[in-house]
Amino acid sequence: MEIFDYDHILLLPRKCRVESRSECDASIEFGGRRFKLPVVPSNMKTVVDEQVCAWLAEHGYFYVMHRFDLDNLAFVRTMKAKGLFASISVGIKPQDVATIDQLAAEGLAPEYITIDIAHGHADSVREMIHHIKTRLPDSFVIAGNVATPEAVIDLENWGADATKVGVGPGKVCITRLKTGFGTGGWQLSALKWCARVATKPIVADGGIRHHGDIAKSIRFGATMVMIGSLFAGHEESPGRTVEVDGQLFKEYYGSASDFNKGEYRHVEGKRILEPIKGRLADTLIEMEQDVQSSISYAGGRKLLDIRKVNYVILGGTNAAEHLLM
């Protein structure tokens, strides 16, 4: 197995088949709905809040609301009242089980439920999937996070509708430094490895630094790409605004950081400052245009045509660039 990450790979163009890149369709079907882009902002407190999630849903984008200091029932009620789909996160603790029971009792079935824990290959996740599927059988369950084919196979067999792949590759994650485990530095290779055995969609989570990494994720098997740092730092972002030497930044910190936990215990995340990027809508338009360009370079017209291209691995231990099928 080749070990590589996003910076080590370039995709190879095929003959262009469109007159204009704007003809290319960057949308994706996921969980019975079609979204404008195969991207979703990370379900983190400094990336999304209720307002951002509602805006994304209204404008045709997928979202996953975070699970920290949040009343999931109230959130689902609000989204349903607005005629929007509800996509929430839960953990695996008793209060999370109780949340599922309360949603079922009130007839509030979220369209999407993400089981969001750092090490998702666990019996506790199996039990949570079973509980959700028993109480809210119509909800689309995304489970993670995992890093191996074995874990993907297990989660799918346990009933997950999609798996989230990525342990510690994010910009504010220090899992590999604190524990010695994870996909930091080889996330794209881990995605390829997991996608080989997957029979259901994969959400590639973390390690995205540039818009071109979205196309690389699709090429190696992702259906949806979860992105933190590129979505943090917008005017609408919920992170605190900080001024440093006259420049404005937004706080961005990991879900396993002490900033998010409120205590220094089992910390696997850190805080950074992201320069304010402007409006989220402008970034999404630029992302869509860049993905359309990726599709045109792939010689395609629709998103998954990117999966047909060849690629090269750059540098490393290779004597030269190697063309791989």
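Residues numbered from 1 in each chain as written. Predicted model: local features only at pLDDT ≥ 70, side-chain atom pairs only at ≥ 80, totals over all residues. Heavy atoms only, no water.

Comments concerning the environment of Asn 43
Then step 1. Looking at the secondary structure, you find Asn 43 in the loop between strand S4 (39–41) and helix H1 (50–58).
Then step 2. Each C-alpha atom, one on Asn 43 and one on Cys 53, is 9.8 Å from the other, the two residues being ten residues apart in sequence.
Then step 3. Among the polar contacts listed, one links the side chain of Asn 43 to the side chain of Ser 89, at a separation of 2.9 Å.
Then step 4. A polar contact of 3.4 Å, which involves the side chain of Asn 43, links it to the side chain of Asp 116. (Helix = DSSP H or I, 4+ residues; strand = E, 2+ residues; numbered from the N terminus. Polar contact = N/O pair within 3.5 Å; in protein donor to acceptor, adjacent residues only side chain to side chain.)

Looking at unusual backbone geometry
Then step 1. Cis geometry marks the peptide bond from Gly 144 to Asn 145; its omega dihedral reads 5°.
Then step 2. Structurally, Asn 145 can be placed in strand S7 (residues 140–146).
Then step 3. Even without glycine at this site, Asp 69 takes up a positive phi of about 50°.
Then step 4. Tracing the backbone through its elements, the reader meets Asp 69 in the loop between H1 and helix H2 (72–81).
Then step 5. Its identity is not glycine, yet Asp 245 carries a phi of approximately 50°, on the positive side.
Then step 6. Mapped onto the elements of the fold, Asp 245 is located in the loop between strand S11 (241–244) and strand S12 (247–253).

Concerning the nonpolar core
Then step 1. One finds Phe 30, Phe 62, Tyr 63, Ile 132 and Ile 227 to be the most contacted residues of the largest nonpolar core, which totals 92 residues.
Then step 2. Those residues in contact with Tyr 63 that sit more than four places away from it in its chain are Val 40, Cys 53, Leu 56, Ala 57, Phe 75, Met 79, Phe 85, Ala 86 and Ser 87. (Core = buried A, V, L, I, M, F, W, Y, C linked by side-chain atoms within 4.5 Å. Buried < 20%, exposed > 50% of the residue type's maximum accessible area, 1.4 Å probe, protein only. Contact = heavy atoms within 4.5 Å.)

Notes on the environment of Pro 201
Then step 1. Structurally, Pro 201 can be placed in the loop between helix H7 (187–195) and strand S9 (202–205).
Then step 2. Overall, the relative accessible area of 25% leaves Pro 201 in the partly exposed class.
Then step 3. On a C-alpha basis, the gap between Pro 201 and Thr 183 in space is 19 Å, while along the polypeptide they are 18 residues apart.
Then step 4. Not counting residues up to four positions away in its chain, the partners in contact with Pro 201 are Phe 30, Asp 161, Ala 162, Thr 163 and Thr 223.

Details of the sheet that holds S9
Then step 1. Across the sheet, seven strands lie side by side as S4-S10-S9-S8-S7-S6-S5; this open sheet has parallel pairing. Whereas interior strands pair on both sides, the edge strands pair on one side only; in this sheet they are S4 and strand S5 (87–90). The sheet shows a mean angle of 25° between the axes of neighbouring strands, direction not considered.
Then step 2. Direction of pairing for strand S6 (residues 112–116) relative to S7: parallel, over a ladder of five bridges. Within S7, the residue paired with Tyr 112 across the bridge is Phe 140. (Pairing = 2+ DSSP bridges. Axes fitted to C-alpha atoms, helices over the stretch in contact; angles between N-to-C directions.)

A closer look at the confidence of the model for the chain
Then step 1. When pLDDT is averaged along the chain, the result is 91; 91% of the residues meet or exceed 70.
Then step 2. The low-confidence segment residues 256–261 (pLDDT under 50) makes 21 contacts with residues lying over four places distant or belonging to another chain. (pLDDT = per-residue confidence, 0-100.)

Side note on the packing of aromatic side chains
By convention here, two paired aromatic rings are described through the distance between centres and the angle between planes.
Then step 1. This model, assessed by the stated rule, comprises 17 aromatic pairs.
Then step 2. Seen from their ring centres, Phe 30 and Phe 62 are 5.2 Å apart, and the 70° between their planes marks the pair as edge-to-face. One end of the pair, Phe 30, is in strand S2 (residues 28–30); the other, Phe 62, is in the loop between H1 and H2, and 32 residues separate them in sequence.
Then step 3. Overall, the relative accessible area of 0% leaves Phe 30 in the buried class.
Then step 4. Considering the side-chain rings of Trp 186 and Trp 193, the 5.8 Å spacing of their centres and the 50° angle between planes classify their relative orientation as tilted.
Then step 5. What makes Trp 186 buried here is its relative accessible area of 18%.
Then step 6. Put simply, the rings of Phe 30, Phe 35, Phe 62, Tyr 63, Phe 75, Phe 85, Tyr 112 and Phe 140 touch in pairs and so form one group of aromatic residues.
Then step 7. For the cation-ring pair, Arg 126 lies above Trp 158, with the distance from its terminal atom to the ring centre recorded as 6.0 Å. (Phe/Tyr/Trp six-rings, centres within 6.5 Å; stacked < 30°, edge-to-face > 60°. Lys NZ or Arg CZ within 6 Å of the ring centre and 35° of its normal.)

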